[in-house]
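# Reading the structure
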Amino acid sequence: HPCRRHHNETTIMNASFLYIALILCCHSVFVVALVTAEAFNLHQATTNTVSSRRKAHQTYLKNSVPSSARGRSSTQIASVMTNSLEVVLPNWRDVDVHHAAEDGDDGTVCSPFCHPLSKTSSSSASSTAASWSDAALQSGLDLYERIKSCQDPFISSALTSAIHDLEMAYRLYGPFCMVGSYNGGKDAVVIFHLMRAVHAHYCHEMQQKAIESNNGEEGTESSVMIPRPRVIYFNNKDEFPEVLDLLQDTVGLYDLDMLAFKEGVSFGEGLQYLVERNFAPGKNGLSYYGTNKESLLHLPPPHPLAFILGTRSNDPNAGSQNIYAPSSHYMPPFLRVNPILNWNYGQVWHFLRTFELPYCKLYDDGYTSLGTVKDTMPCPALKKDNDEYWPAYMLRDWDQERAGRISKKKKQQQPKEDSEPKNIEQTVTMSQTSSTVSLPNEQEAKTAKDGSSAHTRTMSSELDTDELSSGVVPATSSEHLPSPRPISVALIVIGDELLKGMTPDSNIISAARALRANNVALARVSIISDDSQEIVEEIQRVTKEVDVVITSGGVGPTHDDVTIKSVAEALGLDMEIHYEMASLLLKKMSNNTEETVQSTTEDDGLLRRMSVGQLKMATLPSKSELKYLTDNPDEWPVLKCDNIFILPGVPTFFEQKIQVLSKCLGEPEEEKQAGLDVDISPSPSQLAKSDTYRIVLSSEEDSIVAALNETVAAHPHVTFGSYPIVDNPEHKTIITLEGRFYNGGYTRSSSRLLDQARINGGDDAGIIFTKQEMDEHLANALEGLKSRLPDESILSIDQGDDLN
């Protein structure tokens, strides 16, 4: 039918147009999709590029839905998320504690390591901790696994101990209360990397435990924040630019939270600021302590802080530190953690190079210990033939680690009577603010001139520096300064060759005779090996018992000459270049002009002319003195450090020095020349030595025991000696008698009793005998002994004590 055919043709035409339109529409959609996808990919690439660049310096909040948004509507959640994503939390913040820069603009108190939230945030929290980036977390976990699997025999044991010590600290304090001291030095770099490894492992384990406790519930992992590692630094106008470059690069690279205190903020002020405001946030990182500043005291008590430090046992201020050491009573309460306390210089560099960790490039230029631009130069021991230096890790003699640190002679200023405690506080260092856990308080009183020693009583705001003990006699008030008293001496003879029987010792008899001739009591003699730790322990032991310590041996340029270094460690002193000694060495050991010899300035050129051996001998404990005890300009001076005199071990040289030194110790005027810290020599009337008698007998020693014992008991103020003779047919026994200077004989307890009596305003009566009293006691004892011995057994009685 025509109409039907026309209708069909029309329908087919319409269907064709519809089909064509559909194809065109699909094509358009496809094109739009391609364009959209391309645009999306371009946007995503751009976003990733920006994000990767930003990760080096800052991170965003990581939680998908903060706890503050739970239970809210989708609009409220979107608002919280928007506010969270807009907050960029910086890695580096400069802090001026005088203006509380980290507090909120609205007057709220913010914990130092928390970041103030924007006023537009709908969260009720006032601040938040920064979450650690996934990349930095994974880097820390990888380092932890590498350390745990390290089999290197040189550092594996040290690493195991350091990691264990840090893990124990994290277990007690948690990641929000562990703070690293990061100043860019090699030791600080080591503890920072150990810290971030343990920080990553601890936080990861904490997160896994949360997931397990919630039976794997979705969102549990994101609800437990992993905070950034927290570090501090004190800005210094004299800092090396290279150190700041390292700090800024690594703070961003490893996504740290750095608080850098501005110049002028003292160490004590910085610590006070951190400790008083450490209100640790919750697991989600948010803090709700939005209290007005005036109400700071009404907040809950702050959480205790622990500081991770790079202190090593041979550092100048390490003293008797232990791995864990609480702060001193006058400082804010905190714990010091010293994970590398027992590491040596070689282990520090072996760790950094084995694990390919970044460090300050100055170390590649020959610097071995970094101070400031004003007091640090490359280590002279690393100097090449030209003006270049080997890298720090090439140093062979680790005792020269601080040879590049220039000592500054500072005049001692008398403290003002009305000075504020904070003036003293500003002078202390991190190492001076802690006392060891393992030592009793009475052992902390042993100090050097300025109070720095292995048993230092640290400077307190309640104590004036003049009140610190000199390490010789107990400190006393000016009203009861002790009058002079006799000196006691300990001799420490150092040398493996003596203990192995390779050579006989003659220094002990030389010292005993010289000291006795000058009425100086030799109270103790020790013979020990060339082991630094043994020397340190022996010095610390005998300094508690005697007034003066004399060492013999171990003062040359070779590897086994460790006495001087050990003395520094025992007293808690730094090893530094002694320019007077350097000039003297150049004069006596090379052909230098008189002009060079007289140069005692801190001159780099002076050190460049020295050999490695000379450089070692010129590196002495700080506060060392060269004492010229004779008028002969060609004689070597005696090295004195505190009340320790360091003599050579060669018998000829030792005998020369001990003769002169004994005279100085025994005579008041000469004692001043020796430079003892306090006047402990006897007065002229007391210096008179007791007479001594020798009785030669023909009787065997065992036949006179009863008579001798009765006489000894009847005369306690006289010393008796009995010596059998086996190679003389006539002389069988020699008995010696000598009057005692102290009532009951010389003992350290007698000396202390005398000091205490004088402090309390008493006199010497009954404690110290005069020459007349000693001679009277001696005469009575001699008559008593003669009356008890058979007359025929006494062959001779004469003055003297020679047993030959």
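We now turn to the structure provided with this report. If you're wondering where the values come from, they're calculated on a predicted model, not measured in any experiment.

A few words on the sheet that holds strand β21 (residues 692–697). Taken together, 4 strands build an open sheet; the order of strands is β22-β23-β21-β24 and the sheet is antiparallel. Edge positions in the sheet fall to β22 (718–724) and β24 (794–799), since each of these pairs with one other strand and no more. Between one strand axis and the next, the sheet turns through 15 degrees on average, direction left out of account. In this sheet, strand β23 (residues 733–739) lies alongside β21 in antiparallel orientation, the contact comprising 6 bridges. Looking at the pairing, R694 lines up with T736 of β23. Running at roughly 150 degrees to β23, helix α24 (residues 771–788) makes contact with β21, β22, β23 and β24 of the sheet.

Attention now moves to α24. Helix length check: α24, at 18 residues, gives a terminal C-alpha distance of 26 Å against a target of 26 Å (1.5 Å per residue), a fit within 8%. Regarding α24, the residues found buried are M774, H777, L778, A781, L782, G784 and L785. Along the axis of α24, the buried positions cluster into a sector of 165 degrees, meaning they face one direction only. Exposed residues on α24 whose side chains face more than 90 degrees from its buried face are Q772 and S787. On its buried face, α24 sits against β21, α22 (705–714), β22, β23 and β24.

Right, let's talk about the pattern of salt bridges for a bit. In total, this model carries 21 salt bridges according to the counting rule given. With a closest N to O distance of 3.8 Å, D238 and K374 form a salt bridge. Here D238 is found in the loop between β7 (230–234) and α7 (241–253), whereas its partner K374 is found in the loop between α9 (345–354) and α10 (421–425), with 136 residues between them in sequence. The salt bridge involving E538 is made with R524; its shortest N-O contact spans 3.3 Å. With E538 in helix α13 (residues 532–542) and R524 in strand β14 (residues 521–528), this pair connects stretches of sequence that are 14 residues apart. Classification of R524 as partly exposed rests on a relative accessible area of 35%. A cluster of three or more residues bridged by salt bridges with shared partners is formed by R93, R228, D255 and D257.

Right, let's talk about the sheet that holds β14 for a bit. Taken in spatial order, the 6 strands of this open sheet run β14-β13-β15-β20-β19-β18, and their pairing is mixed. With one partner strand each, in any of the chains shown, β14 and β18 (625–627) form the two edges of the open sheet. Sheet twist, expressed as the average angle between the axes of neighbouring strands with direction ignored, equals 25 degrees. With 7 bridges joining them, strand β13 (residues 488–494) and β14 adopt parallel strand pairing. Pairing of L491 across the sheet is with V525, part of β14.

Turning to α22, a few remarks are in order. Among all positions in α22, only A707, L708 and T711 are buried. An end-on view of α22 places all buried positions within 95 degrees of arc, on one side of the element. The outward face of α22, more than 90 degrees from its buried face, is lined by the exposed residues A706 and A713.

Below, the discussion takes up the pairing of strand β15 (residues 548–552). Two faces make up the sheet, and in a regular strand the side chains alternate between them. Where burial is concerned, most of β15 is hidden: 5 out of the 5 residues are buried. Going residue by residue along β15, you find V548, I550 and S552 tucked away on one face and V549 and T551 tucked away on the opposite face as well. Looking at chain direction, β13 and β15 are connected through 5 bridges and run parallel. Looking at the pairing, V489 lines up with V548 of β15. Pairing geometry for β15 and strand β20 (residues 644–647), over 4 bridges, is parallel. The partner of S552 across the bridge, within β20, is L647.

Here the focus is the packing of α13 against helix α14 (residues 563–571). Axis separation between α13 and α14 bottoms out at 8 Å; the angle between their running directions is 50 degrees. Considering their axes alone, α13 and α14 lie oblique with respect to each other. The element α13 and its partner α14 pack so that their crossing is right-handed. Where α13 abuts α14, its residues S532, Q533, I535, V536, I539 and Q540 lie against T563, S566, V567, E569 and A570. Of the residues that constitute the contact of α13 with α14, the class distribution is 5 nonpolar, 5 polar and 1 charged.

Mapped onto the elements, N518 comes out in the loop between α12 (507–517) and β14. Between the C-alpha atom of N518 and that of L665, which follows or precedes it by 147 residues, the distance is 7.8 Å.

Close contact between α12 and helix α19 (residues 651–666) brings their axes to 9 Å; oriented N to C, the two are set at 20 degrees. By the angle between their axes, α12 is roughly parallel relative to α19. Note that α12 runs across α19; the crossing there is right-handed. For the pair formed by α12 and α19, the contact residues are N507, S510, A511, A514 and L515 on the first element and P651, F654, E655, I658, Q659, S662 and L665 on the second. Here the residues of the contact of α12 with α19 are counted per class, giving 7 nonpolar, 4 polar and 1 charged.

Right, let's talk about the environment of Y693 for a bit. Looking at where Y693 falls in the secondary structure, it is placed in strand β21. Assessed through its relative accessible area of 21%, Y693 is described here as partly exposed. Sequence-wise, Y693 and D798 are 105 residues apart; in three dimensions their C-alpha atoms are separated by 5.7 Å. Excluding residues within four positions of it along the chain, Y693 makes contact with I735, T736, L737, L778, L782, I797, D798, Q799 and G800.

Basis of the calculations
- Residues numbered from 1 in each chain as written.
- Predicted model: local features only at pLDDT ≥ 70, side-chain atom pairs only at ≥ 80, totals over all residues.
- Heavy atoms only, no water.
- Pairing = 2+ DSSP bridges.
- Helix = DSSP H or I, 4+ residues; strand = E, 2+ residues; numbered from the N terminus.
- Axes fitted to C-alpha atoms, helices over the stretch in contact; angles between N-to-C directions.
- Contact = heavy atoms within 4.5 Å.
- Expected span 1.5 Å × (residues − 1).
- Buried < 20%, exposed > 50% of the residue type's maximum accessible area, 1.4 Å probe, protein only.
- Arc of directions from axis to C-beta.
- Salt bridge = Lys/Arg side-chain N within 4 Å of Asp/Glu carboxyl O.
- Parallel < 35°, antiparallel > 145°, perpendicular 65-115°, else oblique.
- Left-handed = near helix turned anticlockwise from the far one by under 90°.
- Nonpolar A, V, L, I, M, F, W, Y, C, P; charged D, E, K, R; others polar.

The analysis is restricted to geometry; functional conclusions fall outside its scope.
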